[in-house]
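# Chains, contacts and geometry: an overview
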Amino acid sequence: FFKDVLGYNQILLVYCQPLMRNAMDEVFTFLDFFRKQRDWTKFHSSKNLTMAIASESGELLDLFLWDRADDLDSEKVEEELADIVTYCIYLANNFKINLLDAVIKKAVENNVKYPIAKAKGTAKKYNQL
């Protein structure tokens, strides 16, 4: 997303390759097969998935509570992240959101809101730059 190195059209050209467009669909197909085998789809309402994302995010936060990160097992972080991402994929599907498209779109928007010249090295919000 470096406008001075790669033009906007070049970014889109790279992004629109068929393999990239099907990657999230393939992950969802795998996850959906898993949950359908267990008859869990009925539990995955948008409300329940949103609550599950918050709950799993809390479990991830707990790993870092009281500066425990020094002794942290990266496998625990991996497990919690996998849970969060899985529920995010299910929720995106409920709303027919292509998650890969959404992430790229948000990155392009953030590129405009946080230009390198103003945002580099600072954690300030875009309206404070």
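Everything here concerns the structure above.
First, a word on scope: everything that follows refers to the structure included in this document. Just so it is clear, the structure is predicted and the values come from calculations on it, not from any experiment. (Residues numbered from 1 in each chain as written. Predicted model: local features only at pLDDT ≥ 70, side-chain atom pairs only at ≥ 80, totals over all residues. Heavy atoms only, no water.)

## Describing the overall build of the protein chain
Here is the rule we go by: Every helix listed is a DSSP run of H or I at least four residues long, and every strand listed is a run of E at least two residues long, numbered separately from the N terminus. Contacts: residue pairs with any heavy atoms within 4.5 Å of one another. Areas reported as accessible are Shrake-Rupley estimates using a 1.4 Å probe. Residue values count occlusion only from the protein chains shown.
Across its full length, the protein chain holds six helices and zero strands. Ordered by position in the sequence, the α and β elements of the protein chain form the string α-α-α-α-α-α. Contacts spanning at least 24 positions in sequence make up 60% of the contacts within the protein chain whose residues lie at least 6 apart. Counting every atom, the protein chain has about 9,900 Å² of accessible surface; 61% of that belongs to carbon and sulfur.

## A closer look at the packing of helix 3 (residues 46-64) against helix 4 (residues 74-94)
What counts here: Note on method: axes are straight lines fitted to C-alpha atoms, helices fitted across the in-contact stretch only, with angles between N-to-C directions ranging 0 to 180 degrees. Throughout this description, any angle smaller than 35 degrees is read as roughly parallel, any larger than 145 degrees as roughly antiparallel, any in the 65 to 115 degree range as roughly perpendicular, and the remainder as oblique. A clockwise turn of the near helix away from the far one marks a right-handed crossing, whereas an anticlockwise turn of less than a right angle marks a left-handed crossing. Ten residue types, Ala, Val, Leu, Ile, Met, Phe, Trp, Tyr, Cys and Pro, are classed as nonpolar, four, Asp, Glu, Lys and Arg, as charged, and the remainder, Gly among them, as polar.
Close contact between helix 3 and helix 4 brings their axes to 9 Å; oriented N to C, the two are set at 160 degrees. Relative to helix 4, the element helix 3 is oriented roughly antiparallel. Crossing geometry of helix 3 relative to helix 4 is assigned as left-handed. In contact with S46, L49, T50, A52, I53, E56, S57, E59, L60, L63 and F64 of helix 3, helix 4 contributes K76, V77, E80, L81, D83, I84, Y87, C88, Y90, L91 and N94. In the contact of helix 3 with helix 4, the residues fall into 13 nonpolar, four polar and five charged.

## Quick word on the packing of aromatic side chains
How we decide: Aromatic contacts are taken between Phe, Tyr and Trp rings whose centres are within 6.5 Å, Trp giving its six-membered ring; a plane angle under 30 degrees counts as stacked, one over 60 as edge-to-face, and the others as tilted. To sort residues, take the accessible area from a 1.4 Å probe on protein chains only and compare it with the maximum for the residue type: under 20% means buried, over 50% means exposed, and anything in between is partly exposed.
On inspection of all chains with the given rule, the structure shows three aromatic pairs. Taken together, a centroid distance of 6.4 Å and an interplanar angle of 85 degrees make the contact between F28 and Y90 edge-to-face. Residue F28 is located in helix 2 (residues 18-37), and its partner Y90 is located in helix 4; the two are separated by 62 residues in the primary sequence. Judged on exposure class, the residue F28 and its partner Y90 are both buried. Arranged with centres 5.8 Å apart and planes meeting at 75 degrees, the rings of F34 and W40 form a pair that is edge-to-face. Judged by relative accessible area, F34 falls into the partly exposed class, the value being 34%. The exposure class of W40 is partly exposed, given its relative accessible area of 37%.

All quantities given are derived from atomic positions and should not be read as evidence of function.
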